[in-house]
Amino acid sequence: AQKITQTQPGMFVQEKEAVTLDCTYDTSDPSYGLFWYKQPSSGEMIFLIYQGSYDQQNATEGRYSLNFQKARKSANLVISASQLGDSAMYFCAMREGRGGNTDKLIFGTGTRLQVFP
Amino acid sequence: KAGVTQTPRYLIKTRGQQVTLSCSPISGHRSVSWYQQTPGQGLQFLFEYFSETQRNKGNFPGRFSGRQFSNSRSEMNVSTLELGDSALYLCASSLVSGGGTDTQYFGPGTRLTVL
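Overview of the structure. In this text the structure is predicted, and so the values were computed from the model without any measurement.

### Some words on the interface of chain B and chain A
Logical step 1: Listed per partner, the contact involves 24 residues of chain B and 20 residues of chain A.
Logical step 2: Both faces considered, chain B and chain A share a buried interface measuring about 1800 Å² in area, 50% of it formed by carbon and sulfur atoms.
Logical step 3: The tally of links from chain B across to chain A stands at one salt bridge.
Logical step 4: A salt bridge links Arg55 of chain B to Asp103 of chain A; the shortest N-O distance between them is 3.6 Å.

### Here we look at the state of the cysteines
Logical step 1: Evaluation of the coordinates by the stated rule reveals two disulfides over all chains.
Logical step 2: The disulfide partner of Cys23 of chain A is Cys92 of chain A, and the gap between their sulfur atoms is 2.0 Å. Measuring the twist about the S-S bond at about -60 degrees, one finds the Cys23 of chain A-Cys92 of chain A disulfide to be left-handed. You can see Cys23 of chain A sitting in the loop between β3 (19-21) and β4 (24-26) and its partner Cys92 of chain A sitting in strand β10 (residues 88-96), a full 69 residues away along the chain.
Logical step 3: Its relative accessible area of 0% is what places Cys92 of chain A among the buried residues.
Logical step 4: Each sulfur in the disulfide pair Cys23 of chain B and Cys91 of chain B lies 1.7 Å from the other. One disulfide, between Cys23 of chain B and Cys91 of chain B, carries an S-S torsion of -60 degrees and so falls in the left-handed class. Here the residue Cys23 of chain B occupies a position in strand β3 (residues 19-24), and Cys91 of chain B occupies one in strand β9 (residues 87-94), the gap between them amounting to 68 residues.
Logical step 5: You can call Cys91 of chain B buried: its relative accessible area is 0%.

What counts, and where the lines are drawn
Sequence order as written defines the numbering, with residues in each chain counted from 1. Labels follow written order: the first chain is A, the first ligand is 1, and so on. Since the coordinates come from a predicted model, pLDDT governs what is reported: local features require at least 70, and pairs of side-chain atoms require 80 or more to be given and counted, while whole-chain, interface and lining totals use all residues. As a convention, hydrogens and water are excluded, and side-chain values are obtained from all of the structure's heavy atoms. Residue contacts are counted whenever heavy atoms from the two residues lie within 4.5 Å of one another. A simple way to read buried area is as the amount of 1.4 Å-probe accessible surface that goes missing from two parts once joined, with both sides added. The term salt bridge refers to a pairing of a side-chain nitrogen on Lys or Arg with a carboxyl oxygen on Asp or Glu at a separation within 4 Å. Count a disulfide wherever a pair of cysteine sulfur atoms falls within 2.5 Å. What counts as a helix is a DSSP run of H or I of at least four residues, what counts as a strand is a run of E of at least two, and both are numbered from the N terminus. A 1.4 Å probe rolled over the protein chains alone gives each residue an accessible area, and that area as a share of the maximum for its type sets the label: buried under 20%, exposed over 50%, partly exposed in between.

If you want it as structure tokens, here you go:
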């Protein structure tokens, strides 16, 4: 069965430092998409980055990059140059299939990131 | 372009009542999905709609239902509310271009409290 595991309930990082948030997944479908979302205390889920299972290169979006290791079934989020505004919950999610048939996302339990000055 | 909007943002109901939540997707987006978020269960998929048809449903009782209108706006309804239905209900929309990179964009959520 498809599953997302985030083993870090909480992480601390100093401003301007880089931080890695871990995510492992389990699926038997060769075609899938992996997403990271940020959820501030306001509650809205903010899309950060996407990685497709067939993508050859790791995804990057500004200060966010995804360390995709397919054989290990991991999709870690790297945030470079952390800012105070990065303090939030971060969720890893997976969609099986190539999209177009379903948008259903399976979420991990999240990691609470706190950035301190 | 306006984002996903959800109304109302906050709602307080009592056990046994019913509630309807509304979601307006991003303009041009044809798929709408609903999720329930609670401290105990985390984020759980409720259902998704595309072209007014439910194409996937999560493991929730029949008290939870939804629909999508021709303009892609969606509503979800919960009947006979229980205390455990207290949660943040999130709506998300996507373009459904047929490619693999379709991303779901979420609204701000409706926080439902059942007393």
